[in-house]
Amino acid sequence: MTKRKIVVAVTGASGAIYAKLLLGKLQSLQTQVAEVAVVMSDNAKKVWEFELDDTDHQTYPFKFYAKNDFMAPFASGSAKFDTMVIVPCSMGTLGRIASGVSDDLITRAADVILKERRKLILVARDTPLNLIHIRNMQTVTEAGGIICPAIPSYYSKPKTIEELAMTVVNRVIDLIGLEDESYRWEGI
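Quick look at the structure, then. Each chain has its residues counted from 1, following the order in which its sequence is written. Per-residue local features are limited, in this predicted model, to residues with pLDDT of at least 70; the limit for side-chain atom pairs, both in listing and counting, is 80 or more; totals at the level of whole chains, interfaces and linings are taken over all residues. Each side-chain value is derived from all of the structure's non-hydrogen atoms; neither hydrogens nor water enter the calculation.

In this section: the side chain of S153. The secondary structure listing takes helices from DSSP runs of H or I that are at least 4 residues long and strands from runs of E that are at least 2 residues long, numbered from the N terminus. With respect to the helices and strands, the residue S153 is situated in the loop between β6 (146-147) and α6 (161-176). Leaving out residues up to four positions away in the same chain, S153 has contacts with P158, L164 and T167. Pairs of residues are marked as contacts when any of their non-hydrogen atoms sit within 4.5 Å.

Dropping the structure here:
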């Protein structure tokens, strides 16, 4: 199996738990991962600290990049990062990606991933959706991106908030193409 080079971007949408669980999962799957690069918006750091009551985002063994660091390797297609996950993805970030506005490292990297025909996964975290959101999702999908709403599943009978959120993260791990043991629907 080819090891993956993955960019994880975290925006200021509610749902920092998804980012935390994904980073932890990627750390545990390090034998399948060549590199993980992380970029967080300023609001993402604030939301993380507010929702999770910690600053753990500073403790992961990945390279972190400033939101305006356009010299980051994944700001160019030549760095060959094959996957980008934006988790959680705000509707503002989704809109900027859909319209081709690369005003920070997150949107620039998403633009690069799309133009290189690589895998872009947006874990959209907002409800309800208006028509602008839906059209932006359509535009990104037609450009090759994957919209993976942060909608948990219940058939695994999760007992904690972390287990519930992990149902979304497990879908993201599958979409990235990593092998992991997780609950699989067997039918009734």
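On to helix α2 (residues 42-52), then. Of all the positions in α2, only A44, V47 and W48 are classed as buried. The buried residues of α2 occupy one face: seen down the axis, they fall within an arc of 105°. Relative to its buried face, α2 has exposed residues pointing more than 90 degrees away, namely K46 and F50. At its buried positions, α2 is contacted by β1 (4-10), α1 (16-28) and β2 (33-40). With its phi angle positive at about 55°, D53 sits one or two positions after the end of α2. Only protein chains enter the calculation, and the probe is 1.4 Å; a residue is then buried if its accessible area is under 20% of its type maximum, exposed if over 50%, and partly exposed in between. Directions from the helix axis toward the C-beta atoms define the arc.

Once that is clear, we can look at the packing of helix α3 (residues 91-98) against helix α5 (residues 131-142). In this analysis, axes come from line fits to C-alpha atoms, helices being fitted only over the stretch in contact, and the angle between any two N-to-C directions falls in the range 0 to 180 degrees. For the pair α3 and α5, the least separation of the axes is 9 Å and the interaxial angle reads 50°. On the basis of their axis angle, the class for α3 and α5 is oblique. For α3 against α5, the interelement crossing comes out left-handed. Of α5, the residues touching α3 (which contributes M91, L94, G95, I97 and A98) are H133, N136, M137, T139 and V140. For this classification, Asp, Glu, Lys and Arg are treated as charged, while Ala, Val, Leu, Ile, Met, Phe, Trp, Tyr, Cys and Pro are nonpolar and the rest, including Gly, are polar. Within the contact of α3 with α5, the residues separate by chemical class into six nonpolar, four polar and no charged. Angle categories: roughly parallel below 35 degrees, roughly antiparallel above 145, roughly perpendicular from 65 to 115, and oblique for all the rest. Note: crossing handedness is left-handed where the near helix turns anticlockwise from the far helix by less than a right angle, and right-handed where it turns clockwise.

Attention now goes to the sheet that holds strand β5 (residues 119-124). Strands were regarded as paired on the criterion that DSSP finds at least two bridges between them. Spatial ordering of the open sheet is given by β3-β2-β1-β4-β5-β6, a layout of six strands whose pairing is parallel. Single-partner strands in this sheet number two, and they are β3 (63-65) and β6. Sheet topology places β5 next to β6; two bridges connect them, and they run parallel. Bridge pairing links L122 to I147 in β6. Along the sheet, α3 makes contact with β4 (83-89), β5 and β6, crossing β4 at roughly 140°.

Just distances and angles here, no functional claims.
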